[in-house]
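Residue-level structural notes
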Amino acid sequence: MSAQLQADEARALLQASINGELPDERGRFGPFGGRYIPETLVPAFERLEAGVREYLHDDEFQQEYRRELREWVGRPTALTHARRLSERWGTDVWLKREDLAHTGAHKINNAIGQALLAKRLGAKRVIAETGAGQHGVASAAACARVGLPCSVYMGAVDIERQAPNVDRMQRLGAEVVAVETGDKTLRAAIDEALRKWVTDPSGIYYLLGSAVGAHPYPYLVRELQSVIGVEARQQMIDQAGGLPDVALACVGGGSNAIGLFYPLLGDDVELIGVEAGGTGDGLGENAATLATGTPGVLQGSYTMILQDDDGQVQETHSISAGLDYSGVGPEHALLQATGRVTYVSATDSDSLAALEELCETEGILTALETSHAYAYAREWSKKNPGKRILIGNSGRGDKDMPTLTKFPVRIANAGT
Ligand SMILES: *Cc1c(COP(=O)(O)O)cnc(C)c1O
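Figured I'd write up the structure that's included with this text. Since this is a predicted model, take the numbers as computed values, not measurements.

Focus: the site of the ligand
The local shell around the ligand holds 16 residues, among which K107, S210, G252, G254 and S255 are the closest. Separating an oxygen atom of the ligand from a backbone N or O atom of G254 is a distance of 2.7 Å. Burial of the ligand by the protein amounts to 97% of the accessible area it has alone, namely 380 Å². The residue inventory of the shell around the ligand, partitioned by class, reads three nonpolar, 11 polar and two charged.

Structure follows, in structure tokens:
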């Protein structure tokens, strides 16, 4: 259950959100967000916040950022009409192709933006955290591009599970730092990166990978990822003849979803975020933070989290490493509380089936994270025949081959 808002309060907050007035000056999205951090971290966050205010919307910075998106990332990414999938589902399905962006997912939009910001702020080194390794790869590439050394903090358990990505990061010039503390996965890697940052807040830039954490990260990441929704909105008008009836995106920390949704908040478009339903509804069996969690503080932000009755943060499970996190960006918590966006979940097995179907009908091997959005879009289509659907295709699935090879292909000759 989400935090309760009075109806008039919810309406006012949603309007403020549409007007671009959130977060407020304290970094809050209504009751969510803010900055719940130890005293030692305050100078680093204040420095970053001042830098964001000074440079992010500065003309020169924006020109440089747009140029990198165009020339190096390969934007705008295509909008693809999924013709055969549309025929099968009975809806009109359009895909925003972030899988075509450099390094294979939307994460690069944020990484290159923050790497340019790090340069402006005069940082001498960039640090980043990574779970599955995708943000680590994007950060390593972006840092090489702007000419800054990069250290990626990664849990020892994840290093073992994601060996190919460790190699990719190192080839792109990054140092991979093994984190042996805590759960030795993403949460511990973030804590360790923050500890490192404190030692030299002016020399180090911390490049966070999703729309989570303390202010200003949820805001900064949303601003950098909104290019997805801005492009998709115009492409729908130009190519599909109008805005979609619904837009869906998968939600881990929530960066690709907020990037797609934010520019559509003021439109008459239903918005649906799809989380990892894992293997079941029990605590520890999924990563469906918004769909099943409760409000609390995690890593500097008041948001929805997966916790037990004593407030202990829970382990999560998902077949897709990129959705496997017990928190979510605070802006999503607000959008859920206002009723503007609906958050649902899709199971591991339904997501796998959806991935296969997309492969066989459209020739697109999508990421396991992204497959969750397809799994739910398929269900939605059954109840809404003839409607126009936009799906945020957040990344490509090549990285998932080691996982996919464990599951034999189920649908033979789907095209016949
Ligand atoms: C990392 C990742 C995600 C999840 O992260 P968000 O911040 O929720 O977008 C989704 N899709 C892909 C392809 C990813 O690599």
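There is more to say after this.
Quick look at the packing of aromatic side chains
In this structure the tally under the stated criterion is seven aromatic pairs. Ring plane angle 20° and centroid distance 6.4 Å describe the contact between F61 and Y65, whose orientation is recorded as stacked. Taken together, the residues span about one helical turn, with F61 and Y65 both in helix 3 (residues 59–73) at a distance of four residues. Judged by its relative accessible area of 0%, F61 falls in the buried class. Between the aromatic rings of W197 and Y206, the centroid separation amounts to 5.8 Å while the plane-to-plane angle is 70°, which identifies the pairing as edge-to-face. Every member of this aromatic cluster is reached through a ring pair, and the members are F45, W197, Y206 and Y217. Stacked on the ring of Y262, the Lys or Arg R222 has its end atom at 3.9 Å from the ring centre.

With respect to the nonpolar core
Residues I112, L117, W197, Y205, Y206 and L390 are the most contacted members of the largest nonpolar core, which totals 102 residues. Each of domain 1 (36–69 + 107–221) and domain 2 (74–105 + 225–404) gives at least three residues to this core. Excluding residues within four positions of it along the chain, Y206 makes contact with Q114, I127, A128, E129, I190, A193, L194, W197 and Y217. Membership of the second largest hydrophobic core comes to 22 residues, among which are W89, V274, V344 and A375.

Conventions adopted
Residues numbered from 1 in each chain as written. Predicted model: local features only at pLDDT ≥ 70, side-chain atom pairs only at ≥ 80, totals over all residues. Heavy atoms only, no water. Near = heavy atom within 4 Å. Polar contact = N/O pair within 3.5 Å; in protein donor to acceptor, adjacent residues only side chain to side chain. Areas by Shrake-Rupley, 256 points an atom, 1.4 Å probe, with all protein chains shown as cover. Nonpolar A, V, L, I, M, F, W, Y, C, P; charged D, E, K, R; others polar. Phe/Tyr/Trp six-rings, centres within 6.5 Å; stacked < 30°, edge-to-face > 60°. Helix = DSSP H or I, 4+ residues; strand = E, 2+ residues; numbered from the N terminus. Buried < 20%, exposed > 50% of the residue type's maximum accessible area, 1.4 Å probe, protein only. Lys NZ or Arg CZ within 6 Å of the ring centre and 35° of its normal. Core = buried A, V, L, I, M, F, W, Y, C linked by side-chain atoms within 4.5 Å. Domains from an automatic or database assignment. Contact = heavy atoms within 4.5 Å.

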